[in-house]
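Architecture and fold: a report
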Amino acid sequence: MVDHDEIAAARRALGRHLAHLRKDAGHTQHGLARLVQYGRSSVANTETGRQHPERSFWSRCDAVLRTGGVLTAKYDRIADLDHQHRHRPAPPPAGPGTATDAAAVWWEHEERITARRSALTVKADDDARLAHLEHEVRQAIGDNERLPPATLVARLRPLRVSVDQLMAARQHPPQRARLYTAAAHLSGLLAALALDLRAFPVAHAYAAEAFDLAHAAGQPDTQAWASATQSLVAYYTGKHCDALAYAEDGLRHGGAGPHRIRLTINGQARALAHLGDRRGVHQAVDRTIALLPEHPADGQVSTSLTFGPYCPTRAAANAATAYLVLGDTGVVDHLTAAVAAFDAAQLRGPQALSRLDLATAHARAGDLDHAAGLALEALSLTAEHRFESVYQRTRQFLAAAHPFGRHPRLQDVADLFTELTHPGSPPPAGLRSPT
């Protein structure tokens, strides 16, 4: 027979388990409380067994601590014990039938079974919330590179709350797979936005979460997409070996899926260029050219985080970036075509990045007026967006133009760059009077 002391001991053990998992994950009580939307003192009391929160709290803890549902499962067992204790039948009367009546203590109350069935029922509002989440993520992926990152982050905050709420609920397996896939895409998008806003640790965390969610969903294409996003974050944080490793991992997961082009040209080729592997870059570009007919785009210029294949324009622009890193300048025609295509699509990030690459090629050829004009256009196009990728590419252009530092138009580029990245700072004199 279950007694009160046994239930209290089980609750204390569950609280100690929570404390152990929290510490292993590197969270303070205050940090965990914030993540699960719970009071810090309540978390402390729960860990000592003095407070007994509802199931939703334990579901949130499982999601934050990535336990695979261990805490919720233990909570459910304690809830069963508590139900048995509170609804235990009266002592059976002596005489015939006593054994059958006493055995009733082993069965759950039918109300609990009915409640469980209700929790597993597919609800129309869950389907509607999932559809809304999927639609908003697709829309934000399309708006990425067009709208300022800060604008998109503000728009996505309510979606992040919706994901947590849906994660804490129960769905049928097909719904659960949809939820994890949409959540992976949301986390990957947030990783890219955090990268744009220079929140590098946050970007790495979101990208890793995107891959974990894709793995939990059991979707190889989504895993490949998340790996490509991890590679992107690693590339722009200067971790080129990691960028290459993530791209190759994505190719293993994605198989013959649509993300092979992005992983090969955006992930492998550019990372290999920074690692000085000229032969590897040539091979990656050749593989990309061979893959383009196998994965025809829809005729539109693809976005950087597209769920489909990269288009030829974006593939060519990425190849040009890799070759410029190696010091090659025979990419002017490809970049000129890319600038026109990105201008037509109004993709601010690629508009600026392709201009900066083209500016670098012209600077190396000695056409300084043209180069400076393109760089100024790039910075003006994205002045309100504050793309970290654009700032990094501007630094690379200024480094390539440094031997021509006395040119006044190049100083204009350096002045505008300083104004955008360090408002109020005096303009650098390095280009005007190099030492």
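Because the structure is a prediction, the values reported are computed rather than measured.

A few words on the overall build of the protein. Counting its secondary structure elements, the protein contains 21 helices and 0 strands. The buried share among the 435 residues of the protein stands at 48%. Across the protein, every contact between residues at least 6 apart in sequence was considered, and the portion connecting residues at least 24 apart equals 66%. Carbon and sulfur atoms make up 55% of the accessible area of the protein, which amounts to about 20,500 Å² in all.

Axis separation between helix H1 (residues 4–24) and helix H4 (residues 55–65) bottoms out at 11 Å; the angle between their running directions is 25 degrees. When the axes of H1 and H4 are compared, the pair comes out roughly parallel. Of the two elements, H1 crosses H4, and the hand of that crossing is left-handed. For the pair H1 and H4, contact is made by Leu14, Leu18, Leu21 and Arg22 and by Phe57, Trp58, Cys61 and Leu65, respectively. Among the residues making up the contact of H1 with H4, the classes are represented as 7 nonpolar, no polar and 1 charged.

Of note, alanine 184 is situated in helix H10 (residues 173–196). Spatially, the C-alpha atom of alanine 184 lies 9.1 Å from that of histidine 215, the residues being 31 residues apart in sequence. Ignoring any residue separated from it by four or fewer positions in sequence, one finds alanine 184 in contact with Ala210, Leu213, Ala214, Thr222 and Trp225.

The subject of this paragraph is the packing of aromatic side chains. Applying the stated criterion across every chain yields a total of 5 aromatic pairs. Seen from their ring centres, phenylalanine 57 and tryptophan 58 are 5.0 Å apart, and the 80 degrees between their planes marks the pair as edge-to-face. A single burial state applies to phenylalanine 57 and to tryptophan 58, both of which are buried. Centroid distance tyrosine 235 to tyrosine 236: 5.0 Å. Interplanar angle 90 degrees. Geometry classified as edge-to-face.

Another point: the side chain of glutamine 230. The topology assignment puts glutamine 230 in helix H12 (residues 220–236). Glutamine 230 sits in the buried class, given a relative accessible area of 9%. Among residues more than four places away in sequence, those in contact with glutamine 230 are Ala207, Ala208, Phe211 and Tyr246.

Attention shifts here to the pattern of salt bridges. Should their charged atoms come close, side chains of opposite charge can pair. For the structure shown, the criterion picks out 16 salt bridges. When the shortest N-O distance is used, the salt bridge between arginine 178 and glutamate 134 registers 2.9 Å. Here arginine 178 is found in helix H10, whereas its partner glutamate 134 is found in helix H8 (residues 124–143), with 44 residues between them in sequence. Looking at arginine 178, the relative accessible area reads 30%, which means it is partly exposed. Among the salt bridges present, the one from aspartate 164 reaches arginine 160, with a minimum N-O distance of 3.4 Å. Of the two residues, aspartate 164 and arginine 160 both sit in helix H9 (residues 149–168), 4 residues apart, roughly one turn of that helix. Connected via shared salt-bridge partners are Arg160, Asp164 and Glu209.

Glancing now at the nonpolar core. In this structure, Leu133, Leu156, Leu186, Val281, Phe397 and Val413 are the most contacted members of the largest nonpolar core, which totals 91 residues. For this core, the leading source of residues is H10, giving 13 residues. Residues contacting valine 413, with those up to four places away along its chain left out, are Ala372, Ala375, Leu376, Leu379, Phe397 and Leu398. Counting 16 residues, the second largest nonpolar core, distinct from the first, contains Ile7, Leu18, Leu21 and Ile78.

What follows concerns unusual backbone geometry. Its identity as a non-glycine residue notwithstanding, glutamine 37 has a phi of 60 degrees, on the positive side. Tracing the sequence through the fold places glutamine 37 in the loop between helix H2 (29–36) and helix H3 (40–47). Although it is not a glycine, arginine 66 adopts a positive phi angle of roughly 55 degrees. For arginine 66, a relative accessible area of 49% corresponds to the partly exposed category.

Positionally, histidine 20 belongs in helix H1. Since its relative accessible area comes to 48%, histidine 20 is described here as partly exposed. Note: C-alpha distance between histidine 20 and glutamate 47 (27 residues apart in sequence) is 9.2 Å.

Another aspect to go through is the side chain of serine 227. One can find serine 227 in helix H12. Serine 227 gets classed as buried once you look at its relative accessible area, which sits at 0%. The residues contacting serine 227, other than those within four sequence positions of it, are Phe211, Tyr246, Asp249, Gly250, His253 and Leu263.

Here we come to helix H15 (residues 278–291). Compared with the 20 Å implied by 1.5 Å per residue over 14 residues, the 20 Å span of H15 between its first and last C-alpha is a close match. For H15, the complete set of buried residues consists of Gly280, Val281, Ala284, Val285, Thr288 and Leu291. The buried residues of H15 all sit within an arc of 135 degrees when viewed along its axis, so they share a single face. Exposed residues lying more than 90 degrees from the buried face of H15 are Arg279, Asp286 and Ile289. Each element contacted by the buried residues of H15 is listed here: helix H14 (260–274) and helix H16 (312–325).

Cut-offs used in this document
- Residues numbered from 1 in each chain as written.
- Predicted model: local features only at pLDDT ≥ 70, side-chain atom pairs only at ≥ 80, totals over all residues.
- Heavy atoms only, no water.
- Helix = DSSP H or I, 4+ residues; strand = E, 2+ residues; numbered from the N terminus.
- Buried < 20%, exposed > 50% of the residue type's maximum accessible area, 1.4 Å probe, protein only.
- Contact = heavy atoms within 4.5 Å.
- Areas by Shrake-Rupley, 256 points an atom, 1.4 Å probe, with all protein chains shown as cover.
- Axes fitted to C-alpha atoms, helices over the stretch in contact; angles between N-to-C directions.
- Parallel < 35°, antiparallel > 145°, perpendicular 65-115°, else oblique.
- Left-handed = near helix turned anticlockwise from the far one by under 90°.
- Nonpolar A, V, L, I, M, F, W, Y, C, P; charged D, E, K, R; others polar.
- Phe/Tyr/Trp six-rings, centres within 6.5 Å; stacked < 30°, edge-to-face > 60°.
- Salt bridge = Lys/Arg side-chain N within 4 Å of Asp/Glu carboxyl O.
- Core = buried A, V, L, I, M, F, W, Y, C linked by side-chain atoms within 4.5 Å.
- Expected span 1.5 Å × (residues − 1).
- Arc of directions from axis to C-beta.

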